[in-house]
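Structure assessment
What follows is each chain in one-letter form.
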Amino acid sequence: MNHEEESRPLLAESPEEDRSEQDAYLDKVKNGKLYLATFAAVLGPLSFGFVLGFSSPAIPDLQRTTDQRLRLSTEEGSWFGSVVTIGAGLGGLLGGWIVEKLGRKLSLMFCSLPFIFGFTIIIAAQNHWMLYVGRVLTGLASGVTSLVVPLYISEMAHERVRGTMGSCVQLMVVTGIMGAYIAGLFLDWRWLAITCSIPPTLMLVFMCFMPETPRYLLSQGKRREAEEALRFLRGPNAPAEWECDKIEEASRDEEANLSLADLKDPGVYKPLGVGIMMMLLQQFTGINAIMFYAENIFEQAHFKNGSVASVVVAATQVVFTAIAAVIMDRAGRKVLLIVSGVAMCLSEVVFGVYFKLSAVKQGNSSLVSTFMGAQDTISEAPQVDLAWLALASMGIFIAGFAIGWGPTPWLVMSEIFPTRARGLGSAVCVLTNWTCAFIVTKTFQNLIDLITSAGTFWMFSVLCALNVIFTILFVPETKGKTLEEIQAHFKRTRYH
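These lines cover the structure that appears in this document, whether it is placed above or below. (Residues numbered from 1 in each chain as written. Predicted model: local features only at pLDDT ≥ 70, side-chain atom pairs only at ≥ 80, totals over all residues. Heavy atoms only, no water.)

**A closer look at the pattern of salt bridges**
Inspection of the entire model under this criterion finds 17 salt bridges. One salt bridge in this structure joins Arg160 and Asp27, with 3.0 Å as the shortest N-O distance. Residue Arg160 is located in the loop between helix 6 (128-156) and helix 7 (162-184), and its partner Asp27 is located in helix 2 (residues 15-27); the two are separated by 133 residues in the primary sequence. Where Asp67 meets Arg69, a salt bridge forms, and the shortest distance between an N and an O atom there is 3.1 Å. Among the residues examined, Asp67 registers a relative accessible area of 22% and is labelled partly exposed. By sharing partners, the salt bridges in this structure join Arg223, Glu227, Arg231, Glu241, Asp245 and Glu248 into a single network. (Salt bridge = Lys/Arg side-chain N within 4 Å of Asp/Glu carboxyl O. Helix = DSSP H or I, 4+ residues; strand = E, 2+ residues; numbered from the N terminus. Buried < 20%, exposed > 50% of the residue type's maximum accessible area, 1.4 Å probe, protein only.)

**Examining a nonpolar patch on the surface**
Among the surface-exposed residues, Ile182, Leu185, Phe186, Leu187, Trp191, Ile194, Val308 and Val312 lie close enough to one another that they form a single nonpolar patch of about 720 Å² accessible area. Those elements that place two or more of their residues in the nonpolar patch are helix 8 (189-196) and helix 15 (306-331). Structurally, Val308 can be placed in helix 15. For Val308, a relative accessible area of 38% corresponds to the partly exposed category. (Patch = residues over 30% accessible without salt bridge, like charges linked within 9 Å, V, L, I, M, F, W, Y side chains within 5 Å. Areas by Shrake-Rupley, 256 points an atom, 1.4 Å probe, with all protein chains shown as cover.)

**Topic: the packing of aromatic side chains**
According to the stated counting rule, one finds 13 aromatic pairs in the structure shown. Over the aromatic face of Phe80 sits the side chain of Arg135, whose NZ or CZ is 5.0 Å from the ring centroid. (Phe/Tyr/Trp six-rings, centres within 6.5 Å; stacked < 30°, edge-to-face > 60°. Lys NZ or Arg CZ within 6 Å of the ring centre and 35° of its normal.)

**Looking at the packing of helix 3 (residues 32-64) against helix 7**
Closest axis-to-axis distance for the helix 3/helix 7 pair is 6 Å, and the angle between their directions is 40 degrees. Taken as axis vectors, helix 3 and helix 7 run oblique relative to one another. Relative to helix 7, the crossing made by helix 3 is right-handed. (Axes fitted to C-alpha atoms, helices over the stretch in contact; angles between N-to-C directions. Parallel < 35°, antiparallel > 145°, perpendicular 65-115°, else oblique. Left-handed = near helix turned anticlockwise from the far one by under 90°.)

**Some words on the nonpolar core**
Side chains of nonpolar character tend, in soluble globular proteins, to be buried together. Grouped together as the largest cluster of nonpolar side chains are 108 residues, with contacts concentrated most on Phe54, Phe80, Leu108 and Leu131. Examining the composition of this core, we find that 14 residues originate from one element, helix 3, more than from any other. When residues no more than four places from it in sequence are discounted, the contact partners of Leu131 are Leu62, Leu70, Leu72, Phe80, Ile122, Ala125 and Trp189. Counting residues in hydrophobic clusters, the runner-up holds eight residues, among them Leu217, Leu218, Ala226 and Ala229. (Core = buried A, V, L, I, M, F, W, Y, C linked by side-chain atoms within 4.5 Å. Contact = heavy atoms within 4.5 Å.)

**Observations regarding helix 18 (residues 408-416)**
A large share of helix 18 lies buried, amounting to nine of its nine residues. When helix 18 is considered as a whole, its buried residues turn out to be Thr408, Pro409, Trp410, Leu411, Val412, Met413, Ser414, Glu415 and Ile416.

Honestly, that's just the spatial picture; any functional story needs more than this.
Written out as structure tokens, the structure is:
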């Protein structure tokens, strides 16, 4: 086959002229219906956020309920909260398959069903097992959603707005978490479950009127449908035929299906390596560890209402994720990842200092009380000061995570894979993310017992420093590039 040799000169020919032609095309684009399609799609991540946030207000309600069939013990409450990750891991694998078999649009419509059925089972729950099954189903839907929505958005958005649109995925997740926390202040767990079922229902309805992605349609040989989808997404003035030609030209040398031999292709194994490492490093920032300590830190800083504290944390995530979405296409992915990594690294160093000083003060307090019998006279002021130090470092960490390492790995995952490897590559990345989240959560207490709280957070700070080094050396800047240009970067260049 000489397709590859024929197409390369076309891609490499006169890049400045090609770019000016692309800019002229984008100047004719109207984004209104693209924003509408993005809104319909991100109702999935909003539903995902409600699933994650649901357990926080629901577990205390279920532990206090008078119905003995539904009352949860501490251990059962832990399973109710964590069983979602099992469903999500399965959903990531399932999503990689159905996104290729059914397409992006139908996969999104499909994943709304386990959301709805899961919350319906929780609403009607008469025993613990119904609660668990409902959580597994909503987790399954969340896993599919976390894979399909970034792909759907990246394949239909053009390079001028793809970063902002892609960042809306994480923005809607944290908005859903905050929504669940706020609703939980006023609603009991059944009414909260009813509220949580609204976004996936709306997504199912809205997605009926949205198009399939042009790239998927072209990969299936449906040129006419792809042009119609582009006319919907780009407006009447943009020549859809031109963009279809460019996509087909770039993918002319691609095989339709992925095979084992393709794993030797740098256009496949390089983005797969970057995607897996970004998901692994995202979880090893220690975000779950910070969340684990959040309520205690707020209480020590005299925020006695843990529910309100959770809303404050979630609101911080929403604000800074929104900032990331606004500036993603201006600042670039690498800059935000580096700034985010540095902020998290420094804040976790401070966190380690806080825990070290707290341990020293507790030791000193015990020594004084032993020799003087005057424990009541120990001043609590230093502890309050230390709590505010922890509060400040936690705020910096959450803001840093939200502005870079929160949304960007999901965005980059959706941009870097060639069409034929998008389903499998994304599935491996999603599975890596959920597996690492499970490992960090389950080993966190063991780490504290082994190397103390201070040592654990200093270890996370070192891993955040590795995030920065990895970003500088291996993560490509995808700002302002078409998906085809990003794939060409992996195929034809070395890392810089």
